[in-house]
Amino acid sequence: MRDDSHTLPKRSAPVLVPMPAERPYTYAVPGDMHVEPGSIVRVPLGTREVAGVVWDTPTDPVDPKKLKPISEVFDCPAIDEQTRRFVDWISAYTLAAPGMVARMILRAPAAFDPEPWTEGLQRTEAAPDRMTAARARVLEAANDGLAWTRSGLAHAAGVSSTVIDGLRDQGVFETVMIPPRPVVAPPDTAYSAPELSPDQQAVADMLRASVDKGGAGVTLIDGVTGSGKTEVYFEAVAAALDKGRQVLILLPEIALTHAFLERFQDRFGSKPAEWHSDLAPRMRERVWRQVTEGSIRVVAGARSALFLPFHELGLIVVDEEHDPAYKQEDRVTYNARDMAVVRGRIGGFPVVLASATPSIESRVNADQGRYVRAILPARFADASLPDLKTIDLRRAPPARGGFLSPTLIEEMRKALARGEQSLLFLNRRGYAPLTLCRVCGHRFQCPHCSSWLVEHRFRGQLVCHHCGHHEKRPEACPECGTFDHLVACGPGVERIAEEVVGQFPDARAIVLSSDLLGGVKRLRLELEAIAKGEADIVIGTQLVAKGHNFPKMTLVGIVDADLGLANGDPRAAERTFQLLSQVTGRAGRTGKKSLGLLQTYQPDHPVMRAIVSGDAETFYQREIAEREKAGLPPFGRLAGIIVSAMTRPEAEGHARGLRRAAPPAPDIQVLGPAEAPLALVAGRHRFRLLVHGERRSDMQAYIRAMLAAGPKIRGSVRVSVDIDPQSFL
Ligand code: ADP
Ligand code: ZN
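Rules behind the numbers
Residues numbered from 1 in each chain as written. Chains lettered and ligands numbered in written order. Predicted model: local features only at pLDDT ≥ 70, side-chain atom pairs only at ≥ 80, totals over all residues. Heavy atoms only, no water. Pairing = 2+ DSSP bridges. Helix = DSSP H or I, 4+ residues; strand = E, 2+ residues; numbered from the N terminus. Axes fitted to C-alpha atoms, helices over the stretch in contact; angles between N-to-C directions. Donors = N, O, S within 2.8 Å, 3.2 Å for Na, K, Ca; no water. Tetrahedral: all angles 85-135°; square planar, octahedral: opposite > 155°, others 65-115°. Buried < 20%, exposed > 50% of the residue type's maximum accessible area, 1.4 Å probe, protein only. Domains from an automatic or database assignment. Near = heavy atom within 4 Å. Polar contact = N/O pair within 3.5 Å; in protein donor to acceptor, adjacent residues only side chain to side chain. Areas by Shrake-Rupley, 256 points an atom, 1.4 Å probe, with all protein chains shown as cover. Nonpolar A, V, L, I, M, F, W, Y, C, P; charged D, E, K, R; others polar. Phe/Tyr/Trp six-rings, centres within 6.5 Å; stacked < 30°, edge-to-face > 60°. Lys NZ or Arg CZ within 6 Å of the ring centre and 35° of its normal. Core = buried A, V, L, I, M, F, W, Y, C linked by side-chain atoms within 4.5 Å. Contact = heavy atoms within 4.5 Å. Parallel < 35°, antiparallel > 145°, perpendicular 65-115°, else oblique. Salt bridge = Lys/Arg side-chain N within 4 Å of Asp/Glu carboxyl O.

Undergrad: Is there a simple way to explain the sheet that holds strand 22 (residues 470-472) in this structure?
TA: Note: strands within a sheet are paired through backbone hydrogen bonds, in either parallel or antiparallel orientation. Here we have 3 strands laid out as an open sheet, ordered 20-21-22, and antiparallel in their pairing. Each edge of the open sheet carries a strand with a single partner, namely strand 20 (454-456) and strand 22. Shown here is a sheet whose adjacent strand axes are inclined to one another by a mean of 30°, direction ignored. Pairing analysis gives 3 bridges linking strand 20 to strand 21 (residues 461-463), with the strands arranged antiparallel. Bridge assignment links Glu455 to a residue of strand 21, and that residue is Leu462.

Undergrad: In this structure, what is going on with the coordination of the zinc ion (ligand 2)? I would like to understand it.
TA: Where a metal carries four tetrahedral donors, each ideal angle is 109.5 degrees; where it carries six octahedral donors, the ideal angles are 90 or 180 degrees. Distances from the zinc ion (ligand 2) to its protein donors, Cys446 (SG), Cys449 (SG), Cys464 (SG) and Cys467 (SG), fall at 2.2 to 2.4 Å. Taken together, the 4 donor atoms coordinating the zinc ion (ligand 2) span angles of 106 to 112° at the metal, a pattern that classifies the geometry as tetrahedral. Every donor residue of the zinc ion (ligand 2) comes from the same chain, spaced as C-x2-C-x14-C-x2-C. The burial state of Cys446 is the same as that of Cys449; both residues are buried.

Undergrad: So what exactly am I meant to see when it comes to the domain arrangement of the protein here?
TA: Quite often, the size of an interface is put as the accessible area lost when its parts meet. As assigned here, the protein comprises domain 1 (5-106), domain 2 (118-178), domain 3 (198-380), domain 4 (383-428 + 491-626) and domain 5 (636-723). For domain 1 versus domain 2, the separation of C-alpha centres amounts to 48 Å.

Undergrad: Explanation requested: the site of ligand 1 in the structure shown.
TA: Taken together, 15 residues surround ligand 1, and among them Glu195, Gly226, Lys229, Thr230 and Arg263 come closest. Between ligand 1 and the protein, one listed contact pairs an oxygen atom with a backbone N or O atom of Gly226 at 2.8 Å. Residue Ser227 places a main-chain N or O atom 3.2 Å away from an oxygen atom belonging to ligand 1. Computed on the free molecule, ligand 1 has an accessible area of 550 Å², of which 77% lies beneath the protein chains in the complex. Looking at which element gives the most residues to the shell around ligand 1, the answer is helix 7 (residues 229-242), with 3 residues. Its residues placed into classes, the shell around ligand 1 shows 3 nonpolar, 7 polar and 5 charged.

Undergrad: Hey, could you run me through the packing of aromatic side chains in this one?
TA: Within a pair of aromatic rings, the relevant descriptors are the distance that separates the centres and the angle that separates the planes. Taken as a whole, this structure holds 13 aromatic pairs when the rule is applied. Ring centres 5.5 Å apart and planes at 90° place the aromatic pair Phe234 and Phe264 in the edge-to-face group. In this pair, Phe234 sits in helix 7 while Phe264 sits in helix 8 (residues 258-268), placing the two residues 30 residues apart along the sequence. Residue Phe234 is classed as buried on the basis of its relative accessible area of 0%. Measuring from centroid to centroid gives 5.4 Å for Phe307 and Tyr334, while their planes differ by 80°, and the two rings are edge-to-face. A residue pair is termed long-range when its members are at least 10 positions apart, and Phe307 in the loop between strand 11 (298-301) and strand 12 (313-319) and Tyr334 in strand 14 (residues 334-335) qualify at 27 residues. Joined through ring pairs, the aromatic side chains of Tyr233, Phe234, Phe260, Phe264 and Phe268 make up one cluster. Here the basic side chain of Arg284 rests over the ring of Trp275, its NZ or CZ set 4.4 Å away from the ring centre. A cation over an aromatic ring shows up here: Arg457 above the ring of Tyr431, its NZ or CZ 3.8 Å from the ring centre.

Undergrad: How should I be thinking about the environment of Gly518 in this particular structure?
TA: Within the secondary structure, Gly518 is located in the loop between strand 24 (509-512) and helix 14 (519-531). Residue Gly518 is classed as exposed on the basis of its relative accessible area of 57%. Through-space distance from the C-alpha of Gly518 to that of Val43 is 40 Å; in sequence the pair is 475 residues apart.

Undergrad: When you look at the nonpolar core in this model, what are you seeing that I'm missing?
TA: For soluble globular proteins, nonpolar side chains are generally found buried alongside one another. Judged by nonpolar contacts, the single largest core of 57 residues is most densely connected at Leu248, Leu250, Trp288, Val299, Leu306, Phe307 and Ile316. Per-domain counts for this core show at least three residues from each of domain 1 (5-106) and domain 3 (198-380). Residues in contact with Trp288, not counting those within four places in the same chain, are Ile40, Cys76, Ile105, Ala108, Ala111, Phe112, Trp275, Leu308 and Pro309. Among the nonpolar cores identified, the runner-up in size contains 37 residues, and Ile360, Leu527, Ala535 and Leu543 belong to it.

Undergrad: Whenever I open this one, the packing of helix 3 (residues 133-141) against helix 5 (residues 161-169) confuses me. Can you help?
TA: Two quantities define a packed helix pair, namely the angle between the axes and the distance from one axis to the other. Their axes nearest at 10 Å, the elements helix 3 and helix 5 cross at an angle of 75°. One way to sum up the angle between helix 3 and helix 5 is to call them roughly perpendicular. Facing helix 3, whose interface residues are Ala134, Arg135 and Val138, helix 5 presents Val163, Ile164 and Leu167. When the residues that make up the contact of helix 3 with helix 5 are grouped by side-chain class, the tally is 5 nonpolar, no polar and 1 charged.

Undergrad: Is there a simple way to explain the pattern of salt bridges in this structure?
TA: Two side chains bearing opposite charge may form a pair once their charged atoms approach each other closely. Scanning all chains against the criterion turns up 43 salt bridges. Measuring nitrogen to oxygen at the nearest pair gives 3.7 Å for the salt bridge that ties Lys389 to Asp387.

Undergrad: Looking at this structure, I do not really get the pairing of strand 26 (residues 553-558). What am I missing?
TA: Put simply, side chains in a regular strand alternate between the two faces of the sheet. Across the 6 residues that make up strand 26, a large majority, 6, are buried. With 5 bridges connecting them, strand 18 (residues 421-425) and strand 26 associate as parallel partners. Looking across to strand 26, one finds that Ser422 is bridged to Leu555. With 4 bridges connecting them, strand 26 and strand 27 (residues 595-600) associate as parallel partners.

Undergrad: Any chance you could explain helix 13 (residues 493-503) here in plain terms?
TA: Spacing of three or four residues puts side chains on the same side of an α-helix, whose turn is 3.6 residues. For helix 13, the full list of buried residues reads Val493, Glu494, Arg495, Ile496, Ala497, Glu499 and Val500. Looking at the buried side of helix 13, the elements it contacts are helix 12 (406-417), strand 18, strand 20, strand 23 (486-489), strand 24 and strand 25 (537-540).

Undergrad: Help me out: how do you make sense of unusual backbone geometry in this one?
TA: A negative phi angle is the norm for most residues apart from glycine, just as the trans form is the norm for most peptide bonds. Following Pro633, the chain continues into Pro634 via a peptide bond in cis, with omega recorded as 5°. Relative to the assigned elements, Pro634 resides in the loop between helix 17 (616-630) and strand 28 (636-645). A cis amide bond links Gly672 to the next residue, Pro673, at an omega of 10°. With respect to the helices and strands, the residue Pro673 is situated in strand 29 (residues 668-681). A positive phi angle, close to 60°, is found at Arg331, a residue other than glycine. Tracing the backbone shows Arg331 in the loop between strand 13 (327-328) and strand 14. Despite not being glycine, Asp724 shows a phi value in the positive range, around 50°.

Undergrad: So what exactly am I meant to see when it comes to the sheet that holds strand 27 here?
TA: Read from one edge of the open sheet, 6 strands run 17-27-26-18-25-24, paired in parallel fashion. Single-partner strands in this sheet number two, and they are strand 17 (387-392) and strand 24. Each adjacent strand pair in this sheet contributes to an overall mean axis angle of 20°, direction not counted. Along the sheet face, helix 13 touches strand 18, strand 24 and strand 25 and points at about 160° away from the line of strand 25.

Following this line, the structure appears as structure tokens:
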């Protein structure tokens, strides 16, 4: 074991605690205790005790007499050097306190202690004094020679536990301790390797070679939906497993990707361990523990899986790498795609990014030679991409009060007659985004946010999508008191469903959004039912866009293709292109002729043209050229600074103070402060500053200097820094 104690004051250790402190705190190490960098320990902090990690960076000097001792070292493998450097790196890059980053590793406190062994029973050589039918069944069940739990054996034999107790008392069974069960069986890389097409094989060979060779490096698999990206990166996974390494596969919406786990099982004979926020606490703990002990070899997870305590990580795959869900916006703001690349660099292993519509950032990285771009040009086998067309809403408007153009309705009718499925996509939850009074013009607004209340008719409520505020939809206008004159403006998925039912009363229609009662479990079941063909028309938000394979779906209708283009976000066109490509890619996955229809008022917009023509390349080149001209990422750098407070003057005053503290720099510019587009959220007034730097500028140092020179944070003021912002609201 390495001894780092010579770098520390005698018998003391720096410990990173899950707090927004800039440095580890120093603790005394009791005489008989052994700690090393990475040890997970329990330490006193104020009036509490918390779990922390022994670190290896210097702390502020403290009087040794004042040090509090470490209370306990957990019986747990130490957080390794690579993971510690990863925490330091993220902290320096995002300006989040290192303790707050370490906190993301320490998310399963009960797992710091080893999993308990359970008591079990094992057959001995002894025979029972007399045989009964029940006893015979027990012996038969226990014939496999394995250890059983008392209740498990009783259940398997169909007898009461007293029968088991009787046999144990006679020495027919002896008590043994059973080690914790693995969460998943180990994957078998030879279980069922696919026969790849020549294009697929070429990419798979390349990936295998990069894994075998080892060393950091990023490959971007760029291939249309259905081209076999998953099939191909599974070969990289197999190569890493064969090398004895662990693998992490990041997925943007893991809770919904049941189908992914099954596919993995088809290829490797067992499922990967899952990691996401919906895991039951007990399961989280077991996964965490088995990852650090190495019995779990593959994890499929949401972005937070990056902070699992792997010791043998040898490959990270980021599927749908362009997906905005990889950006975490609260507390530590980081983009899991980018941090995966960093993790690979620190660990010296390859990272694979996969997407049908790569982010502009990754495309530029590939074009400039920092990443290798591997192209899968066609859908696998006889599956062909859907035929895509726009519906010009100026020429073919929906009937009065409706939102579906006659052309779209006609195609839905045809699909229904053929026994095939249609998907209507609208990225808006609820019934209507705005409710107003026809008499006085009153609009229902959230009392705590600068946003309209969204009507959810099914629940009979008006809901704020920013803070969760909800109220009963009234009968009369609260402003002028008139009854029955409130009107719903614009559509949400519930309203589209109402129109569908009106048009096709006999069709089986289903609405899929995150509002579905019954949560993720229910959603999974619904998705499986749809895949089996148990619905005719699906109306959904972006939840339906991600990764699902619906064999009978041959028509996709985009209700409002213009929806994402309106805001001032520099990524608006890119995002809309990605989302629409992904949604229309749900059609025709199994060879049937399929159609995608985009309802739009701007059929000539570059995004619509790119989608309809299938010429993504022109769109990418145009977007890349525009970003370059404006010095926007990845050609330049951005950071958002959001100042919020309970009163407007406080927020504005602090933001202006920060602006004044901004040092002059040749390569960095500070814009604002301006009131945020979402000026009020959950009662907090918000102002934004935007820091815009050249590609090579040291934004972090600049922002640190600005925050240090700026006004002291007082009262209700909060300042948050968002490096590489995705949202400008
Ligand atoms: P992508 O990840 O690019 O969307 P997938 O890997 O999901 O593509 O492949 C699309 C479909 O084609 C899946 O049902 C997959 O099982 C099938 N497929 C792709 N490549 C092969 C192959 N070489 N052999 C058998 N089936 C394949
Ligand atoms: Zn609100």
